[in-house]
Amino acid sequence: METAVITPEGLARLTEELDRLTGDGRREIAERLRLAVALEANTLESAHYVGVREDQALLEQRIHLLRERIGSARVVEPDPANGRVDVGERVRVRDLDTGERFEFDLVGPHEADPLARRLSVAAPLGRAVLGVRRGQTVDVDAPRGRRRFKVLRIAMPA
């Protein structure tokens, strides 16, 4: 099992999801199975029953995945005093080619969510800025070619 870094907040989100799925999620599936069996004379051939069993399998897969991720997680805390970009910190950068500025939280691979502006340390830009100081520039081999970014700000997420 490969160890992956995770922020305390990310671990809390995974743990909450696991608790919800092992509690309410399993209870809901059990109730749906009970209803499917009660309503169908030939349960094994019932499309509804088969669908619920497939949902149950997906639920159990997700539970297994979450347990693996939580079990292999190495919780890291940022050190705001070190002046370097750490996992768990908010980073503002400027694309030196386009001038575009954007901000993201640097997180572990299992926490990444581009829509929520959480960038993984496994992503090209995340790898490049990790450990860099404010004012430094980094070169990033991105899918669309080589890009240069300047780190403008390092802060704790709000």
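Residues numbered from 1 in each chain as written. Predicted model: local features only at pLDDT ≥ 70, side-chain atom pairs only at ≥ 80, totals over all residues. Heavy atoms only, no water.

Enquirer: I keep staring at the confidence of the model for the protein chain and nothing clicks. Help me out?
Expert: When pLDDT drops low, the exact placement of atoms in the prediction is not to be read closely. Of all residues in the protein chain, 97% have pLDDT values of 70 or greater, and the mean over the chain is 92. No element of the protein chain has a lower mean pLDDT than strand 6 (residues 137-142), which averages 92, and none a higher one than strand 3 (residues 90-95), which averages 96. (pLDDT = per-residue confidence, 0-100. Helix = DSSP H or I, 4+ residues; strand = E, 2+ residues; numbered from the N terminus.)

Enquirer: Before we go on, may I ask you to explain the nonpolar core in this structure?
Expert: Among soluble globular proteins, nonpolar side chains are generally buried collectively. Membership of the largest hydrophobic core comes to 17 residues, with the highest contact counts inside it found for V93, F104, L125, V129, V138 and V151. Those elements giving two or more residues to this core turn out to be strand 3, strand 4 (101-107), helix 3 (124-129), strand 6 and strand 7 (145-155). Counting residues in hydrophobic clusters, the runner-up holds twelve residues, among them I6, L18, L59 and I63. (Core = buried A, V, L, I, M, F, W, Y, C linked by side-chain atoms within 4.5 Å. Buried < 20%, exposed > 50% of the residue type's maximum accessible area, 1.4 Å probe, protein only.)

Enquirer: What am I meant to see in the sheet that holds strand 6 here?
Expert: Where strands meet in a sheet, backbone hydrogen bonds hold them as pairs that are either parallel or antiparallel. Across the sheet, five strands lie side by side as 5-4-3-7-6; this open sheet has mixed pairing. Edge positions in the open sheet fall to strand 5 (118-120) and strand 6, since each of these has one partner strand only. For this sheet the average axis-to-axis angle between neighbouring strands, irrespective of direction, equals 45 degrees. Pairing between strand 4 and strand 5: three bridges, direction parallel. Looking at the pairing, L106 lines up with L119 of strand 5. (Pairing = 2+ DSSP bridges. Axes fitted to C-alpha atoms, helices over the stretch in contact; angles between N-to-C directions.)

Enquirer: Looking at this structure, how should I read the packing of aromatic side chains?
Expert: Any pair of aromatic rings gets described here by the distance separating the centres and the angle formed by the planes. On inspection of all chains with the given rule, the structure shows two aromatic pairs. Where F102 meets F104, the ring centres are 6.4 Å apart and the plane angle is 40 degrees; that geometry is what we call tilted. Relative accessible area serves as the criterion here: at 28%, F102 is assigned to the partly exposed category. Between F102 and F149, the aromatic rings sit 5.9 Å apart at their centres with planes inclined by 85 degrees, giving edge-to-face as the arrangement. With F102 in strand 4 and F149 in strand 7, the pair connects residues that are 47 residues apart, well separated along the chain. Looking at F149, the relative accessible area reads 6%, which means it is buried. (Phe/Tyr/Trp six-rings, centres within 6.5 Å; stacked < 30°, edge-to-face > 60°.)

Enquirer: What is the right way to read unusual backbone geometry from this model?
Expert: Peptide bonds are trans in most cases, and residues, glycine excluded, mostly fall at negative phi. A positive phi angle, near 60 degrees, is found at R117, a position not held by glycine. Summarising the element assignment, R117 is placed in the loop between strand 4 and strand 5.

Enquirer: Please explain the environment of R118 as it appears in this structure.
Expert: Checked against the element boundaries, R118 lands in strand 5. For the pair R118 and E40, spaced 78 residues apart in the sequence, the C-alpha separation amounts to 46 Å. R118 has contacts with R13, D105, V107, E111, A112 and D113, leaving out every residue within four places of it along the chain. At a separation of 3.2 Å, a polar atom in the side chain of R118 contacts the main-chain carbonyl oxygen of E111. (Contact = heavy atoms within 4.5 Å. Polar contact = N/O pair within 3.5 Å; in protein donor to acceptor, adjacent residues only side chain to side chain.)

Enquirer: Could you clarify how one ought to interpret the environment of T98 in this entry?
Expert: Mapped onto the elements, T98 comes out in the loop between strand 3 and strand 4. Taking the C-alpha atoms as reference, T98 lies 62 Å from E40; in sequence the two are 58 residues apart. Of the polar contacts made by the side chain of T98, one reaches the backbone nitrogen of E100; its length is 3.2 Å.

Enquirer: In this structure, what is going on with the pairing of strand 6? I would like to understand it.
Expert: Look at any regular strand and the pattern is simple: side chains alternate between the two faces of the sheet. Alignment of strand 6 against strand 7, held across six bridges, turns out to be antiparallel. The residue bridging V138 from the neighbouring strand is F149, located in strand 7.

Enquirer: Explain helix 1 (residues 8-39) to me, please; I cannot follow it from the model alone.
Expert: Helical geometry: 3.6 residues make up each α-helical turn, so side chains three or four residues apart lie on a common side. For helix 1, spanning 32 residues, the distance from its first C-alpha to its last is 45 Å, which sits close to the expected 46 Å at 1.5 Å a residue. L21 marks where helix 1 bends most, by close to 35 degrees. Turning to helix 1, the residues buried within the fold contact strand 1 (4-6) and helix 2 (47-72). (Expected span 1.5 Å × (residues − 1). Bend = angle between axes of the 7 residues up to and from the residue.)

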